[in-house]
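Chain and residue survey
Take a look at the letters that make up each chain.
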Amino acid sequence: MSLDLGVFCKNTLDGEVVDHCFSALFGLAQNSDPSYLDWLMKAWGWTLAVAGLGLTIALILGAVMGTLRTLPTTTSLNRWLIRISTAWVELFRNIPILVQVFLWYHVIPSFVLPLKSLPSYWLVSIALGFFTSARIAEQVRAGIQALPSGQTAAATALGLTTAQSYRYVILPMALRIIIPPLTSESMNLIKNSSVAFAVSVPELTLFAMQAQEETSKGVEIYLAVTFLYALSAFAVNRVMSQIEKRSRIPGFIVSNDASLAH
Amino acid sequence: MKKNLLVAAMLGLGLIASVQANTLDKIKSSSAVTMGVRESSGALSYTVGDGKYAGYHVEICQRVLGDVQKQLKLKALDIKYQAVTSQNRLPLVANGTVDIECGSTTNNATRQKDVAFAVTTYVEEVRIAVKANSGITSLAQLNGKKVATTTGTTSVQLLRKHERATGVNFDEVFGKDHADSFLLLESGRADAFVMDGSILAGNIANSKNPKDYKIVGEVLATEPIAIMVPKNDPEFKAAVNAAIAKIVANGKMPGLWNQYVFRFRCFL
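Conventions adopted
Residues numbered from 1 in each chain as written. Chains lettered and ligands numbered in written order. Predicted model: local features only at pLDDT ≥ 70, side-chain atom pairs only at ≥ 80, totals over all residues. Helix = DSSP H or I, 4+ residues; strand = E, 2+ residues; numbered from the N terminus. Contact = placed C-beta atoms within 7 Å. Axes fitted to C-alpha atoms, helices over the stretch in contact; angles between N-to-C directions. Parallel < 35°, antiparallel > 145°, perpendicular 65-115°, else oblique. Left-handed = near helix turned anticlockwise from the far one by under 90°. Nonpolar A, V, L, I, M, F, W, Y, C, P; charged D, E, K, R; others polar. Domains from an automatic or database assignment. Pairing = 2+ DSSP bridges.

What follows concerns the overall build of chain B. Each helix and strand in chain B was counted, giving 10 helices and 11 strands. Intrachain contacts of chain B at a sequence separation of at least 6 include 78% that bridge at least 24 residues.

Below you can see the structure in the form of structure tokens.
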């Protein structure tokens with residue numbers, strides 16, 4: 001079985017070899033008709049766009065919902081916020097992601113009419129973002145509850161309000177603790193973004209299904225797509241590990257880094 | 001599920017080593033043959049549930065295999081049905097998992113590198129389906145509109161070519177299968193659905209209200225559809241072609257056509 005990577009230099013209209021296969025990638029030249037490589041890059045862009053928007057939504061909502069779940073049960077407002085955030089987490093993590101995507105695309109817009117004009121890119125990002133936010137919320141809650149209770153008590157003793165103690169004492173510590181599971185969650189989001197093909201976002205999975213049909217070069221196409229997914233997920237991993245390193249408080253959070261061992 | 005895993009594993013193996021065997025010998029020694037069929041390919045090949053399949057191509061294949069059985073002087077021939085998809089049908093025929101594929105496969109030069117085709121038994125026209133009250137009657141009117149088609153079909157590339165050749169600019173939306181594409185048209189997310197005429201007609205016929213839809217406009221492409229057999233096996237291909245020729249010579253073909261295809265064609 002030999003690989004024929006030349007398929008990526010063919011144009012997507014008639015399968016002829018294009019003039020600028022790689023130079024078009026860097027904007028040095030322009031193909032009159034796009035090649036499969038051009039299309040692959042565009043598809044990759046869509047994958048990153050869906051994952052990026054989804055991650056933004058997930059991080060914001062996840063941090064908010066996770067924090068709300070840990071509020072002290074002192075006031076009735078707090079008790080309601082805890083109930084709402086718990087319902088949020090249970091709702092979005094108990095429904096399969098593909099079903100949620102279809103709900104957002106086919107079902108919810110038929111009740112909430114303004115959503116009909118929203119492009120499928122937004123709908124699928126919302127679906128992915130809400131799904132992942134439920135998981136991130138649980139990690140945020142775990143991070144907050146992992147802190148010694150003395151931290152909250154000390155913040156209260158200093159005269160900080162609940163909001164202030166979260167802002168200045170609890171969250172800065174808790175969010176640092178949960179960076180490793182957040183890394184996994186962010187990488188998962190890149191991979192989960194493949195469900196977007198089902199609602200007509202022209203991302204990598206849709207590219208793979210369509211291009212292998214047109215070219216009969218399934219092995220090459222799927223290898224390229226696999227490589228790009230792996231590369232994207234690995235890039236997220238590296239970025240997160242940098243963030244982890246930069247935001248570390250020496251001596252406070254246990255690390256397997258040898259330089260901190262002494 | 002287990003069956004799917006098995007197919008996936010076979011697919012993987014097949015990609016590594018393409019098995020080349022004499023299909024007639026294989027059928028004779030095992031008294032069994034595997035027929036590739038589709039779950040829902042319009043009138044040509046569809047499931048009737050319970051692991052049973054029917055359709056214009058399926059019945060032609062059953063008759064062909066009957067002739068093969070006679071030619072090989074087999075007392076009994078066990079026909080195994082293997083459901084295939086647009087994605088796996090070529091590899092499965094190329095690696096010998098499926099001996100004869102009776103679905104709705106377009107015969108073209110790219111595919112002939114991997115497999116062979118029997119004589120053309122069906123000619124498909126790619127058409128446009130719209131809502132009857134939309135007032136759209138041709139491709140030119142789709143400028144700026146949303147056009148649905150199904151991922152993994154030749155229609156996607158065809159639309160791209162038309163867009164380039166005619167300068168008509170439309171947004172493509174991709175359904176993950178034909179039913180999904182039709183849902184896009186039904187729910188108003190797409191203004192038109194471009195696909196093989198028989199598939200459009202089948203979806204319209206099965207919709208809640210078939211009168212709401214129309215197949216309109218010019219024929220965008222004409223494609224020869226044929227039964228797919230392994231490459232480099234002239235004996236098996238000749239046996240299949242001879243059996244098809246016999247059905248035609250006996251005057252049985254129009255009957256099959258009416259039985260399966262005509263009821264769909266009413267909508268065209």
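The subject of this paragraph is the packing of helix α1 (residues 36-69) of chain A against helix α2 (residues 76-93) of chain A. Residues and elements named next belong to chain A. Remark: α1 packs on α2, axes separated minimally by 8 Å, with the N-to-C direction vectors making an angle of 130 degrees. By the angle between their directions, the pair α1 and α2 is classed as oblique. Between α1 and α2 the crossing geometry is left-handed. Here α1 contributes Met65, Leu68 and Arg69 to the contact with α2, which in turn contributes Leu81, Ile82, Ser85, Thr86, Trp88 and Val89. A breakdown of the residues in the contact of α1 with α2 according to their chemical character gives 6 nonpolar, 2 polar and 1 charged.

This part is about the domain arrangement of chain B. Residue and element names in this part refer to chain B. Domain annotation of chain B identifies domain 1 (2-123 + 224-265) and domain 2 (124-223). Between domain 1 and domain 2, the C-alpha centre-to-centre distance is 28 Å. Domain 1 puts 12 residues into the contact, and the matching count from domain 2 is 12 residues. Those elements giving two or more residues to the side of domain 1 that touches domain 2 turn out to be β7 (115-131), β11 (213-230) and α10 (253-265).

We now examine the interface of chain B and chain A. On the chain A side, the residues contacting the 21 residues of chain B number 14 residues. Breaking the side of chain B that touches chain A down by element, the ones donating at least two residues are α1 (2-16), α5 (109-112), α6 (154-166) and β9 (171-175) of chain B. When residues in the side of chain B that touches chain A are grouped by element, the largest group, 5 residues, is from α6(B). Split by residue class, the side of chain B that touches chain A holds 6 nonpolar, 8 polar and 7 charged.

Two modes of strand pairing occur in sheets, parallel and antiparallel, and in both the strands are linked by backbone hydrogen bonds. All names here are of chain B. Strand order in the open sheet made by the 3 strands is β2-β3-β4, with antiparallel pairing throughout. With partners counted over all chains shown, the strands left at the sheet margins are β2 (40-41) and β4 (52-54), one partner each. Pairing of strand β3 (residues 45-49) with β4, which is carried by 3 bridges, proceeds in the antiparallel orientation. Along β4, the bridge assignment pairs Thr47 with Tyr53.

Moving on, we come to the sheet that holds strand β8 (residues 146-150) of chain B. All names here are of chain B. An order of β5-β1-β6-β11-β7-β10-β8-β9 is seen for the 8 strands of this open sheet, with the pairing classed as mixed. One side of each edge strand has no neighbouring strand; the edge strands of this open sheet are β5 (78-83) and β9. The sheet shows a mean angle of 25 degrees between the axes of neighbouring strands, taken without regard to direction. Of the strand pairs in this sheet, β7 and strand β10 (residues 192-196) are connected by 5 bridges, and their pairing is antiparallel. Its bridge partner lying in β10, Ile128 is registered against Val194. Contacts between helix α7 (residues 178-186) and the sheet are confined to β7, β8, β9 and β10, with β8 contributing the most and set at about 165 degrees to the helix.

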